[in-house]
Amino acid sequence: MDSVRTTAAPKPQTDTNENLYLIGRPTLKQFLRFVKDNAVHPPSSGELIEEWQAANRIVRALDKVEAGIADKPSIEPVDPENKLLLEFLQAPLVRHSFNTVPTEVAYIELDQLVVYQHHIDLTFAQKLKNRLGQSPSEEEIFRTCLPCQPSSPPVKWSRIHRNTFVFMSPSDDMRFLGSMSLEPENITDYPPPGNLAGVVGLAVGFGSNFLNAIYAEKRLILNNGSHRAYALRDLGIARVPCIVQHISSRDELSVLASTAITDAPNFYLQDPRPMMLKDYFDPRLRKVMPVHRRLRQVTVKFDVDVTFAPAL
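Each chain carries its own residue numbering, running from 1 in the direction its sequence is written. Residues qualify for local features only when their pLDDT is at least 70, as the model is predicted, and side-chain atom pairs are given and counted only at 80 or more; totals for whole chains, interfaces and linings, by contrast, use all residues. Computation of side-chain values covers all heavy atoms of the structure but excludes hydrogens and water.

Q: I'm lost on the layout of surface pockets in this one. Help?
A: Left-over empty space is what a probe sized like a water molecule reveals as it rolls over the atoms. Points on a 1 Å grid, built from protein atoms alone, make a cavity when a 1.4 Å probe fits but cannot get out and make a pocket when they are open with protein on both sides within 12 Å along at least 5 of 7 lines; residues with an atom within 4 Å of a point are the lining residues. Grid points are joined across faces, edges and corners, and a volume is the space filled by probe spheres set on the points. Taken as a whole, the second largest pocket holds about 830 Å³ of empty space. If you go around the second largest pocket, you meet 21 residues; those closest to its centre are Phe165, Val199, Val200, Gly201 and Leu202. Each helix corresponds to a stretch of at least 4 residues labelled H or I by DSSP, and each strand to a stretch of at least 2 residues labelled E; elements are numbered beginning at the N terminus. Sorting the residues of the lining of the second largest pocket by element identifies strand E5 (156-161), strand E6 (164-169) and strand E8 (199-206) as the ones contributing at least two each. Under this grouping Gly is polar, as are all residues other than the nonpolar Ala, Val, Leu, Ile, Met, Phe, Trp, Tyr, Cys and Pro and the charged Asp, Glu, Lys and Arg. A class-by-class count of the residues in the lining of the second largest pocket yields 18 nonpolar, 2 polar and 1 charged.

Q: Explain the packing of aromatic side chains here, please?
A: Aromatic ring pairs are reported here in terms of the distance separating the ring centres and the angle at which the planes meet. Note on ring pairs: Phe, Tyr and Trp rings are taken, using the six-membered ring of Trp, and paired if centres are within 6.5 Å. Classes follow the plane angle, with under 30 degrees stacked, over 60 edge-to-face and the rest tilted. By the definition in use, this model includes 8 aromatic pairs. Look at Tyr230 and Phe281: their rings are 4.6 Å apart centre to centre, the planes differ by 5°, and that puts the pair in the stacked class. Of this pair, Tyr230 sits in helix H7 (residues 226-234) while Phe281 sits in the loop between helix H10 (265-269) and strand E12 (286-292); the two residues are 51 residues apart in sequence, bridging distant segments of the chain. Each residue's exposure class comes from its accessible area (1.4 Å probe, protein chains only) as a fraction of the maximum for that residue type: buried when under 20%, exposed when over 50%, partly exposed otherwise. Overall, the relative accessible area of 5% leaves Tyr230 in the buried class.

Q: Hey, could you run me through the environment of Ala70 in this one?
A: With respect to the helices, strands and loops of the structure, Ala70 is situated in the loop between helix H2 (45-65) and strand E2 (75-77). In this description, contact between two residues means that some pair of their heavy atoms is separated by no more than 4.5 Å. Once residues within four sequence positions are removed from consideration, Ala70 is found in contact with Gln112, Val114, Lys218, Arg219, Pro274 and Met276.

Q: Looking at this structure, I do not really get empty space enclosed by the protein. What am I missing?
A: Tallied over the full model, the rule gives 1 cavity of 30 Å³ or more. Reported here for the largest cavity is a volume of approximately 30 Å³. If you trace the largest cavity, you find it lined by Tyr21, Leu22, Ile23, Gly24, Arg25, Pro26, Thr27, Phe31, Trp52 and His118. Here the residues of the lining of the largest cavity sort into 6 nonpolar, 3 polar and 1 charged.

Q: Would you mind showing me how to read the packing of helix H1 (residues 28-38) against H2 here?
A: In a pair of packed helices, the angle between the axes and the distance between the axes together describe the arrangement. In contact at an axis separation of 11 Å, H1 and H2 are set at 135° when each is read in the N-to-C sense. The orientation of H1 with respect to H2, classified from their angle, is oblique. In terms of crossing hand, the pair formed by H1 and H2 is right-handed. Contacts between H1 and H2 involve Leu28, Phe31, Leu32 and Val35 on the former and, on the latter, Ser45, Leu48, Ile49 and Trp52. Among the residues making up the contact of H1 with H2, the classes are represented as 7 nonpolar, 1 polar and no charged. Angles run from 0 to 180 degrees between N-to-C directions of axes, and those axes are lines fitted to C-alpha atoms, restricted for helices to the stretch in contact. Comment on the angle field: the value is read as roughly parallel under 35 degrees, roughly antiparallel over 145, roughly perpendicular from 65 to 115, and oblique elsewhere. Should the near helix be turned counterclockwise from the far one by less than a right angle, the crossing is left-handed, whereas a clockwise turn marks it as right-handed.

Q: Looking at this structure, I do not really get the side chain of Asn19. What am I missing?
A: If you trace the backbone, Asn19 turns up in strand E1 (residues 16-22). Judged by its relative accessible area of 6%, Asn19 falls in the buried class. Leave out the neighbours within four places in its chain, and Asn19 touches Phe34, His119, Ile120, Asp121, Leu122, Lys287, Val288, Met289 and Val291.

Q: Would you mind showing me how to read a nonpolar patch on the surface here?
A: The residues that make up patches have over 30% relative accessible area and no salt bridge, and they are joined within 9 Å when like-charged or within 5 Å when they are Val, Leu, Ile, Met, Phe, Trp or Tyr. Here the accessible surface of atoms and residues is derived via Shrake-Rupley with a 1.4 Å probe, and residues count as covered only by protein chains that are part of the display. Any carboxyl oxygen of Asp or Glu within 4 Å of a side-chain nitrogen of Lys or Arg constitutes a salt bridge here. Taken together, the side chains of Phe176, Val200 and Leu202 make up a nonpolar region of the molecular surface, amounting to roughly 290 Å² of accessible area. Structurally, Val200 is set in strand E8. By relative accessible area, Val200 is classed as exposed at 65%.

Q: Help me understand the sheet that holds strand E13 (residues 296-301) in this model?
A: Any two strands with at least two DSSP-identified bridges between them are counted as paired. Pairing within the open sheet is antiparallel, and its 3 strands lie in the order E5-E6-E13. Only two strands of the sheet have a single neighbouring strand rather than two, namely E5 and E13. Taking each pair of neighbouring strands and ignoring which way they run, the sheet shows an average axis angle of 20°. Bridge count between E5 and E6: 5 bridges; the pairing is antiparallel. Its bridge partner being in E6, Ser158 is matched across the sheet by Val166.

Q: Would you mind going over the pairing of strand E10 (residues 219-224) with me for this structure?
A: For E10, the tally of buried residues reaches 5 of 6 residues, placing the bulk of the element in the interior. Where strand E9 (residues 212-216) hands over to E10, the hairpin turn is made up of 2 residues, of which Glu217 adopts a positive phi near 50°.

Q: Quick question: what am I supposed to make of helix H5 (residues 122-132) here?
A: Along an α-helix, residues three or four positions apart point the same way, because every turn accommodates 3.6 residues. Listed in full, the buried residues belonging to H5 are Leu122, Ala125, Leu128, Lys129 and Leu132. Down the axis of H5, the buried side of the element spans an arc of 115°, and every buried residue falls inside it. In H5, those exposed residues whose orientation departs by more than 90 degrees from the buried face are Lys127, Asn130 and Arg131. Those residues of H5 that are buried are in contact with E1, strand E4 (119-121), helix H6 (138-145), H7 and E12. A 3.5 Å cut-off defines polar contacts: any pair of N or O atoms within that distance qualifies, except that in protein one atom must be a possible hydrogen donor and the other a possible acceptor, and neighbouring residues in sequence count only when both atoms are side-chain atoms. A side-chain oxygen of the first residue of H5 lies 3.1 Å from the backbone nitrogen of Thr123; this N-cap is Asp121. The reported arc concerns the directions from the helix axis to the C-beta atoms and nothing else.

In structure tokens:
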């Protein structure tokens with residue numbers, strides 16, 4: 001009798017992720033809303049309020065015990081002859097994205113970073129850790145923090161109306177990148193619908209994907225790369241390379257920092273003991289829960305208006 005070979009059925013992809021949320025800091029309302037909108041099995045509001053209040057007491061104690069701990073962090077420039085640095089600086093995205101304020105590539109201490117992101121996707125962070133392994137080399141750490149090749153998360157997009165396009169991706173980094181003025185010669189391998197006078201491009205894609213921090217008023221605020229910073233610190237790596245942008249005024253901060261920072265700059269720059277990356281690892285200051293896995297959606301619409309005006 002012929003033997004029959006069987007294979008195990010593939011496991012269905014789970015629709016939940018493990019998520020970490022910092023609690024005990026402003027605001028309770030944000031915490032309650034996040035749990036209500038995202039948690040698979042949200043606890044009662046009373047239970048959540050008790051947890052937040054307990055964490056808030058820890059936060060108030062840290063304001064006194066660790067006041068000023070975020071001030072004057074260590075910033076050590078990478079050796080300008082470092083081969084990895086020289087290769088990294090040749091990337092076009094580096095040259096074009098970080099030329100607004102004085103910028104350097106430097107080694108920083110992760111535990112000294114101020115953070116603004118309240119939550120971390122632990123499922124995604126675990127994937128990063130699995131990719132790195134338990135003992136990544138200095139080169140692997142450098143390329144993880146400052147990759148030369150741009151990231152290419154999965155994306156699907158389609159035209160849903162005459163003037164509307166929808167983009168979807170599991171990556172939180174997908175965003176509208178702005179509009180571009182193009183000349184007809186910039187468009188190749190595409191049949192023109194007419195005699196082109198000009199082309200307006202509406203770009204959707206991903207950011208620079210570099211570990212990036214802003215140095216302002218003697219504090220170093222993590223501006224991009226929260227999940228990589230978390231994954232590396234969870235592997236026991238405390239010192240990493242990072243693009244550091246030096247801000248000399250609040251006006252510059254409003255241009256380069258995230259909305260969360262620019263909406264409440266005093267909280268991040270003047271609070272005695274702001275939120276810091278090391279808080280992600282303090283069980284007293286975090287809430288871990290399964291949340292519904294979601295896709296990020298960016299919708300782009302355009303409008304065309306043709307009118308006539310009297311000739312002068």
